[in-house]
Amino acid sequence: MLQLSIIKPINMKKNYLLLCCLIALLGSCITEKPSTDCLEKVTLQFIYKADGTRNVVEKYLNCAMLLVYNENDQLVFQKSISSEELTKEHQFSMYLPIGHYNIVCWGNSNKYTTFCNVENRKTALVSCPSFVKGESIPTNDHLYYTSKSLEVEYKKENQYSLEFTSAHIDIDVFVRGTESDPYIELDNVMPQYNIHMEEAQPFTAKYTPDVYYCGEFKCFRSTLAVFRFQERCPLILRVYIKEKQDPIEIKMSDVLKESEDSRPIATRQEAKVSVFVDYNENNLSIYTQVSDWDEEFVIPEIE
C-alpha cells in the first residue's frame, strides 16, 4: 500500500508534464513568434483586361489550373479553379505556411491542354496532349497565363492580384470552290511552352485542324488556336483541295506584313488571323485579315 501511494503521484506528475508539452506543440501557430508550420490565408484576385482597361476575366476564362511552388521550386499545391472562383466578385483563397512562393496559373486549360513534369517548376511543360503522344495535333485551347512571386507573412492580409496575358492566337480558315472537304494543315508551329510561357520547342510541329461545312457562309471552315507567334514567324498554311493537284500555300509572315491593321500582332491580347481561299478552275483568290478575336470576317461575295 505504501508503494502504491508513492507511485501514483509520480505518474500523475509525468502525465501532467506530457500534457503541457502537447498543448505547447499544438498551440505553436498562435504564439507571438511565427513558425514555418503555421498556415496563413492567401487570397487571390484574377484579372484579365483583354485589350482594354476593365477587368473582363469572366468573359474570356471558364476555368484555370493553379500551381504553387515553394522557394526550392517544388510543387506544394495544385488545384483546378472554377469559373466562379475566377470572377472578380468571388476571390479565391487558400492556406499556405509562412514562406516564399511562385504561383503559376493557366486559364482555359481544358481538353486540349496537358501539364507535364509539374513536380518541379524548372521542368514543367504545357502543350496539347496530342503532341505528347506523338499524334496529329488539332488545336490548342484558348489559353491564358499569369504568375506571381510572393511572400506569405505572419498575421498579414496576404492578398494578391494576378493579371492574365493571352497565350494563344486564333486562326480561322475559309475555303470555297470545292465540292469535297479540303484538307488543311498549319506547319512550322511552336507546340510547347514551359510553365512560364516561354518557348520549349522549335517551330517545327504540324497542326491538322478539323474541317466542317459552314452553311451560313456556304463554304468549308476550320478554326484552331496555336501558341503565340510574331510577324517574322515560319508558319505556313497549306490547303489541299481535290480539284487542284498542288496545295495552296500561304506564308503567315506575308499575311501579317500585308495586314491593313497597323498594330503588330505581338501587341494584341486578343488576336485572330482569318484566311479565305476562293478557288475555281480559272482563278484563285486569297483574302486575309488580322483582327480582334470577336471581329467577324466579311466573306467576299461570289462574282
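Residues numbered from 1 in each chain as written. Predicted model: local features only at pLDDT ≥ 70, side-chain atom pairs only at ≥ 80, totals over all residues. Heavy atoms only, no water.

Here we take up the nonpolar core. Side chains of a nonpolar character, in soluble globular proteins, are inclined to be buried together. Membership of the largest hydrophobic core comes to 32 residues, with the highest contact counts inside it found for Leu 186, Phe 229, Met 252 and Val 273. The set of elements that each furnish at least two residues to this core consists of strand 11 (168-176), strand 12 (183-189), strand 14 (205-207), strand 16 (219-227), strand 17 (236-240), strand 18 (248-251), helix 5 (252-257) and strand 19 (272-280). Leaving out residues up to four positions away in the same chain, Phe 229 has contacts with Ile 169, Ile 171, Phe 203, Leu 235, Met 252, Leu 256, Ile 265 and Val 273. Membership of the second largest hydrophobic core comes to 25 residues, among which are Val 56, Ala 64, Tyr 101 and Leu 150. (Core = buried A, V, L, I, M, F, W, Y, C linked by side-chain atoms within 4.5 Å. Buried < 20%, exposed > 50% of the residue type's maximum accessible area, 1.4 Å probe, protein only. Helix = DSSP H or I, 4+ residues; strand = E, 2+ residues; numbered from the N terminus. Contact = heavy atoms within 4.5 Å.)

A few words now on the pairing of strand 1 (residues 39-47). Bridge analysis of strand 1 against strand 4 (residues 92-97) gives six bridges, and the strand direction is antiparallel. The partner of Leu 44 across the bridge, within strand 4, is Phe 92. Judged from the five bridges that link them, strand 1 and strand 9 (residues 159-163) form a sheet pairing that is parallel. Opposite Gln 45, over in strand 9, you have Ser 161 as the bridge partner. (Pairing = 2+ DSSP bridges.)

Quick look at the packing of aromatic side chains now. Remark: the centre distance and the inter-plane angle together describe each pair of aromatic rings, the angle taken between the planes. Evaluated as defined, the whole model comprises eleven aromatic pairs. Between Phe 276 and Tyr 287, the ring centres sit 6.0 Å apart and the planes meet at 45°, which makes this aromatic pair tilted. Taken together, the residues span a long stretch of sequence, with Phe 276 in strand 19 and Tyr 287 in strand 20 (residues 283-291) at a distance of eleven residues. We classify Phe 276 as buried; its relative accessible area is 0%. Connected via pairs of aromatic rings, a cluster forms that spans Trp 106, Tyr 145, Tyr 193 and Phe 227. (Phe/Tyr/Trp six-rings, centres within 6.5 Å; stacked < 30°, edge-to-face > 60°.)

Per the counting criterion, the structure on display carries nine salt bridges. With its nearest N and O atoms 2.6 Å apart, the salt bridge here joins Asp 172 to Arg 221. Of the two residues, Asp 172 is situated in strand 11 and Arg 221 in strand 16; the sequence distance between them amounts to 49 residues. Residue Arg 221 is classed as buried on the basis of its relative accessible area, which comes to 13%. (Salt bridge = Lys/Arg side-chain N within 4 Å of Asp/Glu carboxyl O.)

Function cannot be read off these values alone, since they describe shape.
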